[in-house]
Each structure stands twice: as structure tokens, then as C-alpha cells.
Amino acid sequence: MDGGRLHRLGKRLIELSSQVTGEAGDLSLTPGEAAVLEDVIKHPSSSISEIHQRTGFVQSHVSASVSRLKSRGLVKATTDPDDGRRTRVTIADEALQAITRRAARNVDQAIGRTVTDPAQARRATELLEELADLLL
């Protein structure tokens, strides 16, 4: 497999993931907000500076994303007790529960819409499971 085909596969898997985890009425995030939120989930109680360093976004973009996420109730931003100039960011409990519910949705229907032959759809799901086991 060449890099171009791997890239197209990655994009297609992201599309399928969005079909599974997104539903009408779900909150939509910009790609930047999604990246910041994902970083906060992986690294609870991070400072804006730490999120900036890991994501590569400029600090002002991280601050603006955190502000928007906070206004939607997705994250909590608190003053660092050791350094009052620093803000610590943590995912809100309700947001984490909603994300966990969305992540638990089954992929079978999305795969079935893409791969219409039931046997091939089952095989595609099995291959995705195997790939996840190898790479994650």
C-alpha cells in the first residue's frame, strides 16, 4: 500500500466514524475544538500552554477554543492553585458521559451502508477490529 492509498483510507475511516458517532442534534465542533477537546480528554487538568504545545495550535487559538468549549459546558476551566496565572482545563462530566455513549455506538449499520453484501460487510468489520488491535 502506498501513502496516497493509506491517506484515502484514513479519510474514509474518519467519514465512517462520523456517521457512527454523529446523530442529528449532536453538538458540532470545529476541527480545532475537536482537537483541543481530545487533548483535554487524554491529558486532564492541562494548562492552556500544555495543550498548545501538544496540539501545535497557537496559544490564542487554544484559549479561544477552550472558551467556546467552556461556554457550551464541555470543559471546566479553573485557576491553578499553585499558579494563579495558569488555567487548568478538564472535561466536564456530562460531556465525557455523552462522548462515551457516542463512542459505544455500533459500526455495523455504517459498514452495511458502505459494503452492501452482508458477508463482505462482516469481513470488513472483522478486518477493522484486527487493524485496531494491531495499531491502537
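Residues numbered from 1 in each chain as written. Predicted model: local features only at pLDDT ≥ 70, side-chain atom pairs only at ≥ 80, totals over all residues. Heavy atoms only, no water.

Caption draft 1: How the structure looks around the pattern of salt bridges. In total, this model carries 11 salt bridges according to the counting rule given. For Glu-50, the salt bridge goes to Arg-88, with nearest N and O atoms at 3.0 Å. Of the two residues, Glu-50 sits in helix H3 (residues 48–55) while Arg-88 sits in strand E3 (residues 83–91), which places them 38 residues apart along the sequence. Note on Arg-88: relative accessible area 19%, which makes it buried. The partner of Arg-88 in a salt bridge is Asp-80, with the nearest N and O atoms 2.9 Å apart. (Salt bridge = Lys/Arg side-chain N within 4 Å of Asp/Glu carboxyl O. Helix = DSSP H or I, 4+ residues; strand = E, 2+ residues; numbered from the N terminus. Buried < 20%, exposed > 50% of the residue type's maximum accessible area, 1.4 Å probe, protein only.)

Caption draft 2: Quick look at the sheet that holds strand E2 (residues 75–80). Taken together, the three strands give an open sheet; going across it, the order is E1-E3-E2, and neighbouring strands pair in antiparallel fashion. Pairing within the sheet leaves two strands with one partner each, and these edge strands are strand E1 (46–47) and E2. Bridge count for E1 against E3 is two bridges, and the pairing is antiparallel. In the strand pairing of E3, Ser-46 is matched with Val-89. The strands touched by helix H2 (residues 31–42) are E2 and E3; relative to E3, the strand with the most contacts, the crossing angle is about 95 degrees. Sheet contacts for helix H4 (residues 59–71): E2 and E3; angle to E2, the most-contacted strand, approximately 120 degrees. (Pairing = 2+ DSSP bridges. Contact = heavy atoms within 4.5 Å. Axes fitted to C-alpha atoms, helices over the stretch in contact; angles between N-to-C directions.)

Caption draft 3: Structural context of H4. Across its 13 residues, H4 extends 18 Å between first and last C-alpha, which sits within 8% of the 18 Å expected from 1.5 Å per residue. Among all positions in H4, only Val-62, Ser-65, Val-66 and Leu-69 are buried. When H4 is viewed along its axis, its buried side chains cluster within an angular range of 100 degrees and face the same direction. Opposite its buried face, H4 presents the exposed residues Ser-60 and Ser-71, each directed more than 90 degrees away. In this structure, the buried side of H4 is in contact with H2, H3, E2 and E3. At the exit of H4 stands Gly-73, carrying a positive phi of roughly 80 degrees. (Expected span 1.5 Å × (residues − 1). Arc of directions from axis to C-beta.)

Caption draft 4: Structural detail: the pairing of E3. Here E2 pairs with E3 via six bridges, running antiparallel. Across the sheet, residue Asp-80 finds its bridge partner in E3, namely Asp-83. In this structure, the hairpin formed by E2 and E3 is closed by a connection of two residues.

Caption draft 5: Representation of the confidence of the model for the protein. Of the residues in the protein, 97% have a pLDDT of 70 or more, and the chain-wide mean is 91. Within the protein, no element has a lower average pLDDT than helix H5 (residues 93–103), which sits at 87, and none a higher one than H3, at 96. (pLDDT = per-residue confidence, 0-100.)

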